[in-house]
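Each chain is listed here by its residues.
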Amino acid sequence: MTSERAPSGQRVFWRSLETKEHPGQPRELGSDVVKQSIDGPGLLRLRRRQFLSLSGAISALAGISCIRRPVEKIMPYSEMPEDVTVGVPSHYASVLTRRGEAIGVVVQSSEGRPTKVEGNADHPASGGGTDLQAQAALLDLYDSERARTPTLKGTAKAGGDLDAALAELAGQLAGSGGAGLHILSEPSLSPTFLRLRTALAAKLPQAVFRTYAPLNDANERAGARLAFGRPLLAQPRWAAAEVIVALDSDFLMTETGSVEAARGFASGRHMASASARAPNRLYVVEPALSVTGANADHRLSLPAQSIASYARALAAALAAHGISLGSALGAALGRAELAGVPTAWIEAVAQDLAAHRGASLLIAGSRQPAAVHALVHALNAALGNLGKTVAPVSPLDAEQPDPFADIAALVRDMAAGSVQTLVILGGNPVLDAPADVQFKEALARVPLSICLSGHRHETGELCTWHVPQAHALESWADQVSRAGTYSVQQPLIAPLFKGRTDALMLAALGADTERDPHLLVKTTAASFGAVDEPSWQRLLQRGVGTSEATRSATGLSLQEAAIAAAIRALPEPAPPRNDALEVVFLADNKLVDGRHANNAWLQELPDPITRITWDNAALIAPSTAQALGVASGDLIRLTLQGASGSPQPRSIEIVAWVQPGQAQGSIGLPLGWGRKRAGKHALGAGFDVYPLRTSQAPHFALGVKLTRLGVRYPLSQTQEHDLMEGRPLALDATLESYRAQPRFGQTSSPDPAASPLWKTRDYSQGPQWGMAIDLNRCVGCNACVIACQAENNIPVVGKEQIARGRTMAWLRIDRYYVGEDADQPEVAFQPVSCQHCEQAPCENVCPVNGTSHSPEGLNDIAYNRCIGTRYCMNNCPYKVRRFNFLNYNLDIPETQKLVYNPDVTLRFRGVVEKCTYCVQRIERSKIAAQREGRALKDGDVRSACQQACPAEAIHFGDLLDERSAVAQARRVDREYALLAEVGTHPRTRFLGKIRNPNPELKG
């Protein structure tokens, strides 16, 4: 059988299966084409041959990626498509959303299934890098516990039954103009979704549309409205900023645009030599130690309620240094001092900002109130930063209301009985809506509720209908980045479990007669430049629109009176008391708001700061914990007294963790844990802190009482030592000392030729592989760790095995505290993997020669030779070799097995494994170069960790190529070898971290 072709002559991709009875209509997964075998409740097993029969033909156009286009018929894989070679992956451009930002990605497809996510170098918000969640997206896609079929009151139904119910509902709504219909959705970056929502609102004028997400940019929009009279979003230009002040903003990890921020911030930290331009300087004021705070040159722990007062004091100090803020605003600031904050932390920062007009940047985090954001806009304007280091942009959905006010209004309507039909498109409001609005109770009063979500979670199980939601890698959609870059979300695979998109749900309710998601997106793309077939294909191929819809705001003027009034209305911070503590709700570094709770890769990844796995904890400052008699691992109760009119107190139980860097009198509570329904990995992991969150205090709350319960709770960590104890590990120096002693990190190593233990190899012939990691650019985000896990089929072992020290991660990022003050420590990150030592101590102790050195400098392991003596592990000074105590690949659902990289062997019980420098990528690049009749060039081989790093901190390549990036990095004067005194001569080297402290600000 020959494959069907598009009019352009290119091979096309299938959309669905036809049935003879209903041509053009998709078959159900229970049909005679795809058989199901049930291993447990709802467990679908797709055999390899069945899966390959579902794989579409892959087209490969010139450029960075391929294009998938839908057709009506499926092509059998009995005849190999002419442009597919087994073992040679294809790549497709797509886009993923991450908390208010669209990240361009390029996804690897191995014979019809996505197997690796990388950043799209052409996308401004990605720049070729990714974050944790993007790297872990594959495991979300292949999650065996995703919803598989629509359910009506818990009973599985066929897709046709849902279609009939939606059609009947659409007819009723059309007759009533949408009376009684309320649609609740998450904030969207999709022009197609917003177009269909507008169309549906026009057809159903009485329908009500609501927006809610537990983490949102409402304060930022409201602050811009105060400052400029309209809702705007701040688009920082990180690379242009020489001095950065972050006010409760974790812009490198959990805030919007963290991937772009990491790249821009790291470029400002780059130093090629001691004589290079000074790196940027970062001041961070925050209540809980964040990844951004860990990278600060100066960090001040301050309760969240006091951040506004610090901003006022800083603004007053700037006015004293000649920065004009206007008479109205200046009069509202008050004195430039703050109780408990050293005067130097105000005066020195103000002086530094004033000295860098037009090259400085202030940024406020989403937790801070609108008045703080407005004041930050005013300060950036007064410093001449607007248009230079920060550009206000108009949001795609400019009329989006405050999500907390919107969800409260919806619940009032539900409780009043005016909501007859509620359609929930994404999100999980039963879990994460503010506790005081009582969404769950109000939902029971809605006659008909429809929930679209990937899992049948806390909200889905309570709704009348639950509809499986398609994953981003299996559905057509489009997204616009904050700066205005338009991208199309291409599916890499047909929906595994009949998932639908939010746009399709709107179309089914009457927004559009078209039911093909591909055509819905293509219609929207025409307004972004894809007006014909060639331009549409170019858009899909590149992943970035040819004409960007820029939304930079111009003609802005500050509303000084409005800002001044908002500042005066801010409450004064209450003095910290042990019987009335502050709690701060934190976006989790891994699970965000809980949407990734069933992702085992993210669950097992140690938190970048606490190094805890499989749990969250209440973060308490050492001094506060001592005063309260609390130790890490103590189970505690946190009680928040109800507001006036609602005297019932709210309380949660959670384990305590004594965290250096936490503000005194303030407790950090990471969101998204303690799930009741989300899958086996989410159940029993961590503690739910949403019950303390209210619509009046969604970001931080005051007056919380802590009670010890006298019970210990077990926690597992991958790193139980916090200090370097004087060992030369993560080396750093101040800028002043670096310039005085450029080679501060270099330590002499024993010469192997002087007293050889075994024959020294000849490494003069190439290629010779090596790596260099710049600690000045590494921000400690751990994206590289998940990238390594996804690339190399590294198994998950679970909390119990982690507690026994049996972690399997090939790459870890150690976190060390530096300094004497436990409440205000400095932080150093140290990535560690196999160092590929030229004088490898693991090799000469293996009794079966299972580990040996390759002519190209790789420390190799022959898995089928290893007998598990673990002598190599004992003799490794870096402790980077992992042992399979158990067969962790047993009992893996068939669907989840699709996540495995076909280029990497699955290891079995009783063998040692470790980093291979991604040898499979090396060999693949060699084959490609040989096929093209050329030699390998720098950049052909990129390790998984290198490619994922958003900060571009990792260089890998041929050490004998003097022009290669890794060779140039190894010539930088701050280069050093980890544990050089041991004499292993590692191939991985590090560039020491340079701190740029303000001489006027000590500590």
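1. Looking at the overall build of the protein
Then comes step 1: Helix and strand counts for the protein stand at 29 helices and 38 strands.
Then comes step 2: Counting over 1003 residues, the protein shows a buried share of 62%.

2. Description of the packing of aromatic side chains
Then comes step 1: Scanning the entire structure with this criterion turns up 13 aromatic pairs.
Then comes step 2: On the basis of an interplanar angle of 70 degrees and a centroid distance of 6.4 Å, the ring pair of tyrosine 310 and tryptophan 345 is categorised as edge-to-face. Linking tyrosine 310 in helix α9 (residues 307-320) with tryptophan 345 in helix α11 (residues 344-354), this pair joins segments that are 35 residues apart in sequence. One exposure class covers both tyrosine 310 and tryptophan 345, and it is buried.
Then comes step 3: For the pair tryptophan 769 and phenylalanine 956, a centre-to-centre distance of 5.7 Å together with 10 degrees between the ring planes defines the contact as stacked. Of the two residues, tryptophan 769 is situated in strand β28 (residues 769-774) and phenylalanine 956 in strand β35 (residues 954-958); the sequence distance between them amounts to 187 residues.
Then comes step 4: Ring pairing ties together the aromatic residues Trp238, Phe251 and Phe265, which thus form one cluster.
Then comes step 5: Over the face of the ring belonging to phenylalanine 497 we find arginine 148, whose NZ or CZ atom lies 4.4 Å from the ring centre.
Then comes step 6: Taking NZ or CZ as reference, arginine 870 lies 4.9 Å from the ring centre of phenylalanine 883, over its face.

3. Observations regarding the pattern of salt bridges
Then comes step 1: Considering all chains together, one arrives at 45 salt bridges under this definition.
Then comes step 2: As a salt-bridge pair, aspartate 397 and arginine 197 come within 3.1 Å of each other at their nearest N and O atoms. Of the two residues, aspartate 397 is situated in the loop between β13 (390-393) and α13 (403-416) and arginine 197 in helix α5 (residues 191-203); the sequence distance between them amounts to 200 residues. In this pair, the class of aspartate 397 matches that of arginine 197, namely buried.
Then comes step 3: In this structure, lysine 926 engages glutamate 856 in a salt bridge whose closest nitrogen and oxygen atoms are separated by 2.5 Å. One end of the pair, lysine 926, is in helix α27 (residues 919-931); the other, glutamate 856, is in the loop between β31 (851-853) and β32 (859-861), and 70 residues separate them in sequence.
Then comes step 4: The exposure class of lysine 926 is partly exposed, given its relative accessible area of 23%.
Then comes step 5: Note on glutamate 856: relative accessible area 17%, which makes it buried.

4. Let's talk about the packing of helix α4 (residues 159-176) against helix α16 (residues 502-511)
Relative orientation and spacing of two packed helices are given, respectively, by the angle between their axes and the distance between those axes.
Then comes step 1: Close contact between α4 and α16 brings their axes to 8 Å; oriented N to C, the two are set at 50 degrees. Taken as axis vectors, α4 and α16 run oblique relative to one another. Along its contact with α4, which presents Leu166, Leu169, Ala170 and Leu173, the element α16 presents Met505, Ala508 and Leu509.
Then comes step 2: Class assignment of the residues belonging to the contact of α4 with α16 gives a composition of seven nonpolar, no polar and no charged.

5. Description of unusual backbone geometry
Then comes step 1: Backbone torsion omega between glycine 766 and proline 767 reads -5 degrees, so that peptide bond is classified as cis.
Then comes step 2: Note on placement: proline 767 falls in the loop between α22 (735-740) and β28.
Then comes step 3: Of note in the backbone geometry, tryptophan 614 takes a positive phi value of approximately 60 degrees without being a glycine.
Then comes step 4: As for its position among the elements, tryptophan 614 is in the loop between β20 (612-613) and β21 (618-620).
Then comes step 5: One non-glycine residue, leucine 979, adopts positive backbone phi at about 55 degrees.
Then comes step 6: If you trace the backbone, leucine 979 turns up in the loop between β36 (975-976) and β37 (988-991).

6. A short note on the environment of leucine 602
Then comes step 1: For leucine 602, the position within the fold is in helix α20 (residues 600-604).
Then comes step 2: The exposure class assigned to leucine 602 is buried, which follows from its relative accessible area of 0%.
Then comes step 3: C-alpha of leucine 602 to C-alpha of leucine 132: the two residues are 470 residues apart in sequence and 7.8 Å apart in space.
Then comes step 4: Leave out the neighbours within four places in its chain, and leucine 602 touches Leu132, Gln133, Ala136, Lys590, Leu591, His596 and Ile786.

7. Structural notes on the pairing of strand β29 (residues 812-818)
Then comes step 1: Counting buried residues in β29 gives five out of seven residues, a clear majority hidden from the surface.
Then comes step 2: Bridge count for β29 against strand β30 (residues 826-832) is seven bridges, and the pairing is antiparallel. Within the sheet, the bridge partner assigned to isoleucine 813 lies in β30 and is proline 831.

8. Structural notes on the packing of α9 against helix α12 (residues 370-382)
Then comes step 1: Axis separation between α9 and α12 bottoms out at 10 Å; the angle between their running directions is 20 degrees. Taken together, the axes of α9 and α12 are roughly parallel relative to one another. Remark: the crossing between α9 and α12 carries left-handed chirality. Of the residues in α12, those touching α9 at Ala308, Ala311, Arg312, Ala315 and Leu318 are Val372, Leu375 and Leu379.
Then comes step 2: Residues of the contact of α9 with α12, tallied by class, amount to seven nonpolar, no polar and one charged.

9. Comments concerning the sheet that holds strand β19 (residues 581-586)
Then comes step 1: Spatially, six strands are ordered β19-β24-β21-β23-β22-β25 in a closed barrel, and the strand pairing comes out mixed. Neighbouring strand axes in the sheet, compared pairwise and without regard to direction, differ in orientation by 45 degrees on average.
Then comes step 2: Inspection of the sheet shows β19 paired to strand β24 (residues 666-670) by five bridges, in the parallel sense. Looking across to β24, one finds that leucine 586 is bridged to proline 670.

10. A few points about the environment of alanine 371
Then comes step 1: With respect to the element layout, alanine 371 can be found in helix α12.
Then comes step 2: Aside from chain neighbours lying at most four places away, what touches alanine 371 is Leu226, Ala566, Ile567 and Leu570.

11. Thoughts on the state of the cysteines
Then comes step 1: In total, this model carries zero disulfides according to the counting rule given.
Then comes step 2: The structure places no disulfide on cysteine 451, whose sulfur is separated from the nearest cysteine sulfur, that of cysteine 463, by 4.7 Å.
Then comes step 3: The exposure class of cysteine 451 is buried, given its relative accessible area of 0%.
Then comes step 4: Free of any disulfide, cysteine 784 has its nearest cysteine sulfur in cysteine 945, 6.3 Å distant.

12. A closer look at α16
Then comes step 1: Counting buried positions over the ten residues of α16 gives eight, a clear majority of the element.
Then comes step 2: Along α16, the residues classified as buried are Ala503, Leu504, Met505, Leu506, Ala507, Ala508, Leu509 and Ala511.

13. Re the side chain of glutamine 830
Then comes step 1: For glutamine 830, the location among the structural elements is in strand β30.
Then comes step 2: In this structure the side chain of glutamine 830 is engaged in a polar contact, spanning 3.3 Å, whose partner is the backbone nitrogen of alanine 730.
Then comes step 3: Here the side chain of glutamine 830 touches tyrosine 976 through a polar contact of 3.2 Å, side chain to side chain.

14. Notes on the sheet that holds β37
Then comes step 1: Taken in spatial order, the four strands of this open sheet run β35-β28-β37-β36, and their pairing is mixed. Where the open sheet ends on each side, the last strands, each with one partner, are β35 and β36.
Then comes step 2: Pairing between β28 and β37: four bridges, direction parallel. Pairing of methionine 771 across the sheet is with threonine 988, part of β37.

15. Concerning α13
Then comes step 1: Between its first and last C-alpha, α13 extends 20 Å over 14 residues, near the 20 Å set by a 1.5 Å rise per residue.
Then comes step 2: Residues of α13 that are buried include every one of Pro403, Phe404, Asp406, Ile407, Ala408, Ala409, Leu410, Val411 and Met414, and no others.
Then comes step 3: Taken together, the buried residues of α13 touch β6 (181-185), β7 (208-211), α6 (218-228), β14 (421-425), α14 (429-432) and α15 (439-443).
Then comes step 4: With a side-chain oxygen lying 3.1 Å from the backbone nitrogen of phenylalanine 404, the N-terminal cap of α13 falls on aspartate 402.
Then comes step 5: Two residues or fewer after α13 comes glycine 417, characterised by a positive phi angle close to 85 degrees.

16. A look at the confidence of the model for the protein
Then comes step 1: Taken over all residues, the pLDDT of the protein has a mean of 88, while the share at 70 or more is 90%.
Then comes step 2: Of the regions scoring below 50 in pLDDT, residues 1-46 engages in 103 contacts with residues more than four places distant in sequence or in other chains.

17. Focus: the pairing of strand β18 (residues 486-489)
Then comes step 1: Here β18 shows no split at all, with Tyr486 and Val488 on one side and Ser487 and Gln489 on the other all buried.
Then comes step 2: Pairing analysis gives four bridges linking strand β17 (residues 477-480) to β18, with the strands arranged antiparallel. Note that in β18 the partner of valine 480 across the bridge is tyrosine 486.
Then comes step 3: The antiparallel hairpin formed by β17 and β18 contains five residues in its connecting segment, where glycine 484 sits at a positive phi of about 110 degrees.

What counts and how
Residues numbered from 1 in each chain as written. Predicted model: local features only at pLDDT ≥ 70, side-chain atom pairs only at ≥ 80, totals over all residues. Heavy atoms only, no water. Helix = DSSP H or I, 4+ residues; strand = E, 2+ residues; numbered from the N terminus. Buried < 20%, exposed > 50% of the residue type's maximum accessible area, 1.4 Å probe, protein only. Phe/Tyr/Trp six-rings, centres within 6.5 Å; stacked < 30°, edge-to-face > 60°. Lys NZ or Arg CZ within 6 Å of the ring centre and 35° of its normal. Salt bridge = Lys/Arg side-chain N within 4 Å of Asp/Glu carboxyl O. Axes fitted to C-alpha atoms, helices over the stretch in contact; angles between N-to-C directions. Parallel < 35°, antiparallel > 145°, perpendicular 65-115°, else oblique. Contact = heavy atoms within 4.5 Å. Nonpolar A, V, L, I, M, F, W, Y, C, P; charged D, E, K, R; others polar. Pairing = 2+ DSSP bridges. Left-handed = near helix turned anticlockwise from the far one by under 90°. Disulfide = S-S within 2.5 Å. Polar contact = N/O pair within 3.5 Å; in protein donor to acceptor, adjacent residues only side chain to side chain. Expected span 1.5 Å × (residues − 1). pLDDT = per-residue confidence, 0-100.

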